[in-house]
Amino acid sequence: MPKAPFLTDIWQTLKEVDLRPLRQQALTPAVIAIVGDESSGHYRLANQLRRDPAKPGDEFHTPLILADLGFADSVLQADAIILVMNSQKSDSNQEQALVKQWHSAGKKTLVFLNAPQESEAAKTKSRKYAHGSRGVILGSVEDTEFLMHEFSQALTQLLPDRLLSLGRHYPLLRTTIVHQLINDTCLTNAAYALSTGLAETVTALGVPMAMADMIVLSKNQAYLVYKLGLTLGFSPQWQDYLVEFGSVLGGGFFWRQVARLLVGWIPVWGIIPKVAVAYAGTYAVGHAVLYWYLTGKQVTRQQLQMFYRRAYELGKEFARNRLQKLRRPSLPGKSVSLEQAGKATKRRRLSRKIPCPHCARKNPPDARYCAYCGFELIEQAEEVQQLPPPEEP
């Protein structure tokens, strides 16, 4: 992919950030222990964790600990423990005792009730474990959709600070973690764009905020590319991503320029498209990386535009929801939205304009001479300044 000329500055910014914590987190294995008896299906679950359904022919090495019930004490060094049970098993006293033991030791534990069908007996058994901080899920180790969604979400919630390692070492979890990382970064960039968009309505802050946008949003997108690469098992060297995703980040830069122009020309009302652009551009960058992982191909311009259009409406919805929540105090017992406040401010400013006694045209309240005929307005300005402020709407 061709490099845009400004990418050197973007990647120089990323280079100056200390990426070692991210790299260390990804490369340090998150050890998961799977415990169960012969009928539980725990061996099958281990095999499922070693494979990505998007690449069924590949099997990866994982830092798993597999143990039968009689050797459950050997898993205490694991970062998280999964107890797999056959939902049809009548006597579960041993499993319940183990769960209590692990919970007392402060271990993060997930109970997996392996049930081909969600029978009433299985649901009743699941309630025995579903108390306190111990998680319980009910499903089948053969159900790929269940494993990719409910199971993956439950497991990542056990270790929310180890997402990069979980994705890198357990391929089954990759899609879930990648979507979570993309979504978090989209919301972060959208929230940042919203805050700077509000600040840019102050004329003096326009240029500094625009520069801050370029640096912060570009860095966040480049950061996202690197985190996704680590999660998906790619190179830990950030330089390796420049060739593959240089023009993708360049496209994100272009979208941000469009967003800033919108805000510059349409203050307040341009905030929504600016936030939508920040959200959609980040979404497109993230999904370009995911597409590369799934297909081994670079995303085309048409596909990138498709990703962007898909997310643009989500970004607009996010912006509208946030703006609706913004309130400012008015008369006691009343509040107005940001848009209403803007309209009220405009009405107040218009109501306080100075009419020129010579040409009758209105001028700003701080004007000393008419902008149309040059007539002196000192007396009129002093009279306007002495007037009481207009009532709130």
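As a starting point, this report considers the structure included with it. (Residues numbered from 1 in each chain as written. Predicted model: local features only at pLDDT ≥ 70, side-chain atom pairs only at ≥ 80, totals over all residues. Heavy atoms only, no water.)

Comments concerning the pairing of strand β4 (residues 108–114)
Rules: Using a 1.4 Å probe on the protein chains alone, a residue whose accessible area is under 20% of its type maximum counts as buried, one over 50% counts as exposed, and one in between counts as partly exposed. Numbered from the N terminus, helices here are DSSP runs of H or I no shorter than four residues, and strands are runs of E no shorter than two. Note: two strands are recorded as paired if DSSP finds a minimum of 2 bridges between them. Every crossover in which the path from the first strand over the helix to the second runs clockwise, viewed with the strands pointing away from the viewer, is termed right-handed.
Counting buried positions over the 7 residues of β4 gives 6, a clear majority of the element. As defined by bridge partners, strand β3 (residues 80–86) adjoins β4 across 7 bridges and the pair is classed as parallel. For N86, the partnering residue across the bridge sits in β4 and is N114. For the crossover from β3 across helix α4 (residues 93–104) to β4, the handedness is right-handed. Two elements, β4 and strand β5 (residues 135–139), share 5 bridges in a ladder whose sense is parallel. Across the sheet, the residue bridging to N114 is G139, located in β5.

Some remarks on the nonpolar core
Across soluble globular proteins, you tend to see nonpolar side chains buried next to one another. Rules: Among buried residues, those of type Ala, Val, Leu, Ile, Met, Phe, Trp, Tyr and Cys that are joined through side-chain atoms within 4.5 Å constitute a nonpolar core. Every residue pair with non-hydrogen atoms within 4.5 Å of one another is taken to be in contact.
Counting residues in hydrophobic clusters, the biggest one holds 69 residues, and the most contacted among them are I34, L45, L49, I82, F112 and F151. Excluding its chain neighbours within four sequence positions, the residues that come into contact with L45 are I34, I82, V84, F112, V141, L147 and F151. Judged by nonpolar contacts, the second largest core, of 18 residues, contains V35, I65, A72 and A78.

Here's the deal with helix α12 (residues 301–325)
Which entries qualify depends on this criterion: In this analysis, the expected span of each helix is defined as 1.5 Å times one less than the number of residues it contains. Consider a residue and the seven residues that end there alongside the seven that start there; fitting an axis to each set, the bend is the angle between those axes.
Compared with an ideal rise of 1.5 Å per residue, which puts 25 residues at 36 Å, α12 spans 36 Å between its outermost C-alpha atoms and is within 8% of the ideal. Its axis deflected by about 30° at A311, α12 carries its strongest bend there. If you check which residues of α12 are buried, you get L304, F307, Y308, A311, G315, K316, F318, A319 and L323.

A few points about the packing of aromatic side chains
Worth spelling out the cut-off: Between rings of Phe, Tyr and Trp, where Trp is taken as its six-membered ring, a pair exists when centres lie within 6.5 Å; planes separated by under 30 degrees are stacked, by over 60 edge-to-face, and by other angles tilted. Charge-over-ring placement is defined geometrically: NZ (Lys) or CZ (Arg) within 6 Å of the ring centre, and within 35 degrees of the ring normal.
Tallied over the full model, the rule gives 5 aromatic pairs. Three or more aromatic residues link up through ring pairs in this structure, and these residues are F112, F146 and F151. The ring of F60 has R174 lying over it, and the distance from NZ or CZ to the ring centre is 4.9 Å.

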